[in-house]
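# Observations on the three-dimensional arrangement
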Amino acid sequence: MDTFAEAAVAALRERFPQAVVETVEHRGELTVVLATEHLVAVCDYLKRHHQYSFLSTITAVDWLERVPRYDVVYQLLSLPRRSTLALKVRVGGKREEHPQVPSVTGVWPAANWYEREVYDLFGIIFTHHPDLRRILMPSNWTTHPLRKDYPLTGFDLPEPHWGGQVPYDVDPGVGRQTLRTPQGRELNESRSAFTTNPEPGTPRA
């Protein structure tokens with residue numbers, strides 16, 4: 001067990017007695033489950049007073065049948081002490097489409113990119129984020145691909161199409177996965193016809 005992380009968590013419990021929901025130790029890694037409203041204060045405290053100055057990543061887990069539905073996980077690293085610590089908050093009420101978590105960009109500026117990725121792929125909103133927009137999917141994509149209820153086969157998109165998602169007025173239905181050839185053209189063997197038009201930005205021969 002990481003004794004430095006243990007000491008940090010003990011100090012955290014004393015400083016923020018209402019913040020810590022539970023602690024879990026697994027394979028030598030300590031995880032602290034926090035009440036969401038205390039997240040920013042706890043992160044700031046750990047950075048300032050316990051040398052957890054490096055934010056390794058932020059990610060999320062979708063527990064589709066659970067309420068709250070999502071875990072948002074923060075992996076912290078203290079470089080001077082070679083100590084890791086994971087923080088976790090649980091969000092997402094029943095039928096809540098876009099649960100909210102406070103942004104930690106004011107503590108670690110690098111959180112900007114991680115929070116945008118979690119927003120893009122899970123639909124979790126980070127309040128007070130300076131520029132919360134999609135980072136991987138096209139800006140007009142209407143769903144969140146890492147949610148457990150996202151169709152594994154993707155969407156069968158209409159021709160001609162070159163990589164975004166059409167904002168449908170009706171449910172388009174789920175089709176076979178749209179793939180792309182090494183030359184960048186669409187390929188979907190469930191279709192009877194393929195577009196011969198070049199993609200936008202493709203130099204003409």
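Refer to the preceding data block for the structure.
Residues numbered from 1 in each chain as written. Predicted model: local features only at pLDDT ≥ 70, side-chain atom pairs only at ≥ 80, totals over all residues. Heavy atoms only, no water.

### Notes on helix H1 (residues 3-15)
Given a rise of 1.5 Å per residue, 13 residues ought to cover 18 Å, and the 18 Å separating the end C-alpha atoms of H1 matches this to within 8%. For H1, the complete set of buried residues consists of Phe4, Ala5, Ala8, Val9 and Leu12. Seen end-on, H1 carries its buried residues on one side only, within an arc spanning 135°. In H1, those exposed residues whose orientation departs by more than 90 degrees from the buried face are Thr3 and Glu14. Buried positions along H1 lie against strand S1 (20-26), strand S2 (29-34), helix H2 (39-50), strand S4 (70-78) and strand S5 (83-91). Put simply, Asp2 is the residue that caps the front of H1, since its side-chain oxygen is 3.0 Å from the backbone nitrogen of Phe4. (Helix = DSSP H or I, 4+ residues; strand = E, 2+ residues; numbered from the N terminus. Expected span 1.5 Å × (residues − 1). Buried < 20%, exposed > 50% of the residue type's maximum accessible area, 1.4 Å probe, protein only. Arc of directions from axis to C-beta. Contact = heavy atoms within 4.5 Å. Polar contact = N/O pair within 3.5 Å; in protein donor to acceptor, adjacent residues only side chain to side chain.)

### With respect to the packing of aromatic side chains
Tallying each qualifying case throughout the model produces two aromatic pairs. Taking the centre distance of 5.9 Å and the plane angle of 40° together, the rings of Phe4 and Tyr52 count as tilted. Of this pair, Phe4 sits in helix H1 while Tyr52 sits in the loop between H2 and strand S3 (54-62), and the two are 48 residues apart along the sequence. Ring plane angle 75° and centroid distance 5.5 Å describe the contact between Phe16 and Tyr45, whose orientation is recorded as edge-to-face. Taken together, the residues Phe16 in the loop between H1 and S1 and Tyr45 in helix H2 connect sequence positions 29 residues apart. Judged on exposure class, the residue Phe16 and its partner Tyr45 are both buried. (Phe/Tyr/Trp six-rings, centres within 6.5 Å; stacked < 30°, edge-to-face > 60°.)

### Concerning the pattern of salt bridges
Tallied over the full model, the rule gives ten salt bridges. Among the salt bridges present, the one from Asp62 reaches Arg69, with a minimum N-O distance of 2.7 Å. A salt bridge links Lys88 to Asp71; the nearest nitrogen and oxygen atoms lie 3.8 Å apart. Of this pair, Lys88 sits in strand S5 while Asp71 sits in strand S4; the two residues are 17 residues apart in sequence, bridging distant segments of the chain. When its relative accessible area of 4% is taken as the criterion, Asp71 is described as buried. Where salt bridges share partners, they join Glu22, Arg66, Asp71, Lys88 and Arg90 into one cluster. (Salt bridge = Lys/Arg side-chain N within 4 Å of Asp/Glu carboxyl O.)

### Observations concerning the pairing of S4
Along S4, eight of the nine residues are buried, which leaves the element largely enclosed by surrounding structure. As defined by bridge partners, S3 adjoins S4 across eight bridges and the pair is classed as antiparallel. By the bridge assignment for S4, Ala60 is matched with Val72. As consecutive antiparallel partners, S4 and S5 are separated by four residues, and within that stretch Arg82 has a phi angle of approximately 50°, a positive value. (Pairing = 2+ DSSP bridges.)

### Comments concerning helix H3 (residues 111-122)
Here H3 contains twelve residues, and its C-alpha end-to-end distance of 16 Å stays within 8% of the 16 Å for a straight helix at 1.5 Å per residue. Packed against the buried residues of H3 are S3, S4, strand S6 (100-102) and strand S7 (125-127). Note on H3: the residue one or two positions beyond its end, Gly123, has a positive phi of about 80°.

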